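Here is how the chains run, residue by residue.
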Amino acid sequence: MLTHYELDEPIEFKDGSINVLIIENPSFMTKMIGEIWGQSNNEEGGFELFENEKSLTFTNNVELIVNPFSADVNERDLLTKLYAEMKKDALDEELFMSTNTFLSEIEKNVREIMERQKLLLESETPDVVGLFKLLGVHFSVSNSLVERMCDYIDICSEYRKTKLFIFVNLKSFLTESEIIQLYIHSTYLKKPILLIENRQLPRLDYEIMRVIDLNLCEIPISDAKDNDIY
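Anyway, here's the lowdown on the structure attached to this text. (Residues numbered from 1 in each chain as written. Predicted model: local features only at pLDDT ≥ 70, side-chain atom pairs only at ≥ 80, totals over all residues. Heavy atoms only, no water.)

1. Brief notes about the layout of surface pockets
Counted only if it meets this: Grid points spaced at 1 Å over the protein atoms alone were grouped into cavities, where a 1.4 Å probe fits but cannot get out, and pockets, open sets with protein on both sides within 12 Å along at least five of seven lines, with lining residues defined by an atom within 4 Å of a point. Grid points are joined across faces, edges and corners, and a volume is the space filled by probe spheres set on the points. Under the scheme used here, helices are H or I runs from DSSP no shorter than 4 residues and strands are E runs no shorter than 2 residues, and both carry numbers assigned from the N terminus. Note that Gly is not counted as nonpolar here; it falls among the polar residues with everything else outside the nonpolar set of Ala, Val, Leu, Ile, Met, Phe, Trp, Tyr, Cys and Pro and the charged set of Asp, Glu, Lys and Arg.
What the largest pocket holds in volume is close to 500 Å³. Lining the largest pocket are 25 residues, and of these F13, E51, K163, K190 and P192 sit closest to its centre. Secondary-structure elements contributing two or more residues to the lining of the largest pocket are β2 (18-23), β3 (47-51), β6 (164-168) and α7 (176-189). Element by element, the count of residues in the lining of the largest pocket is highest for β3, at 3 residues. Considering only residue class, the lining of the largest pocket consists of 9 nonpolar, 8 polar and 8 charged.

Shown next as structure tokens:
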């Protein structure tokens, strides 16, 4: 649940539905997005996020996506956490021997190359994480923007433990069918998302819409239709 002292009612995230908040007043839109951005960066603001009545900080639990093209699944912190998981797998009981044999062979080969040089050289003990970096292990990035958004939700949920994804004017970048594809993905995996838009478009399946008009009147549009998301 997401609350703000200037919203008439809290935004509740229900299974099988997607919340869309339309803010037609530009100044209020700027204020709301600014507060979300600030709270995501450890600043004060009027929003509160709850999970099972427990208050959650924005910094660790909310992703604000203003420009979908800048949502990068290969940011350093995500890769660091990926490599940590891969290291656990590389050193588990099944792969431990083969991983250490491989690293030993690399170290041996490098030392042989070093011994051929005229000057005295030193090297570090090879590390499996260093090998991942050397090979450029990273998440695959789709050419499809909607697939990239789905992947971003999945990866941030897995490695950052993100609880809520807030998209700004996403409908300006995706077709209706792509929006529905994102909704199906999100609702099936129970990953809450919130769309904040600056104009009202026809309501799509899954959507619970709320309009804040130019006069700051808050108008609920309709509950989401029943949808078979499976």
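2. Some words on helix α3 (residues 76-90)
Condition: What a helix is expected to span follows from its residue count: subtract one and scale by 1.5 Å. Categorising residues by exposure relies on relative accessible area from a 1.4 Å probe, with only protein chains included: less than 20% of the type maximum marks a residue as buried, more than 50% marks it as exposed, and the intermediate range marks it as partly exposed. It is the directions from the helix axis to the C-beta atoms that the arc portrays. Contacts are residue-level and defined by heavy atoms, with any inter-residue pair within 4.5 Å sufficient.
In this model, α3 (15 residues) spans 20 Å end to end at C-alpha, consistent with the 21 Å of a helix rising 1.5 Å per residue. Looking at α3, one finds that the buried residues are L78, L79, L82, Y83 and A90. End-on, the buried residues of α3 take up no more than an arc of 130°, which puts them together on one face. On the buried face of α3, the contacting elements are α4 (96-115), α5 (128-134) and α6 (145-159).

3. Description of the pattern of salt bridges
Test applied: Salt bridge, as applied in this entry: a Lys or Arg side-chain nitrogen positioned within 4 Å of an Asp or Glu carboxyl oxygen.
Counted under the stated rule, the structure contains 12 salt bridges. Close ionic contact of D15 with K190 constitutes a salt bridge, the shortest N to O distance being 3.8 Å. In this pair, D15 is assigned in the loop between β1 (2-4) and β2 and K190 in the loop between α7 and β7 (193-197), connecting sequence segments 175 residues apart. Look at D15 and you get exposed, because its relative accessible area is 61%. The exposure class assigned to K190 is exposed, which follows from its relative accessible area of 52%. Across the salt bridge formed by R111 and E107, the nearest N and O atoms sit 3.4 Å from each other. On the criterion of helical spacing, the pair formed by R111 and E107 is a turn pair, its members being 4 residues apart in helix α4. Residue R111 is classed as partly exposed on the basis of its relative accessible area of 37%. Taking the relative accessible area as the measure of exposure, E107 reaches 24% and is therefore partly exposed. Because the salt bridges share partners, they merge into one network encompassing E63, E75, D77 and R160.

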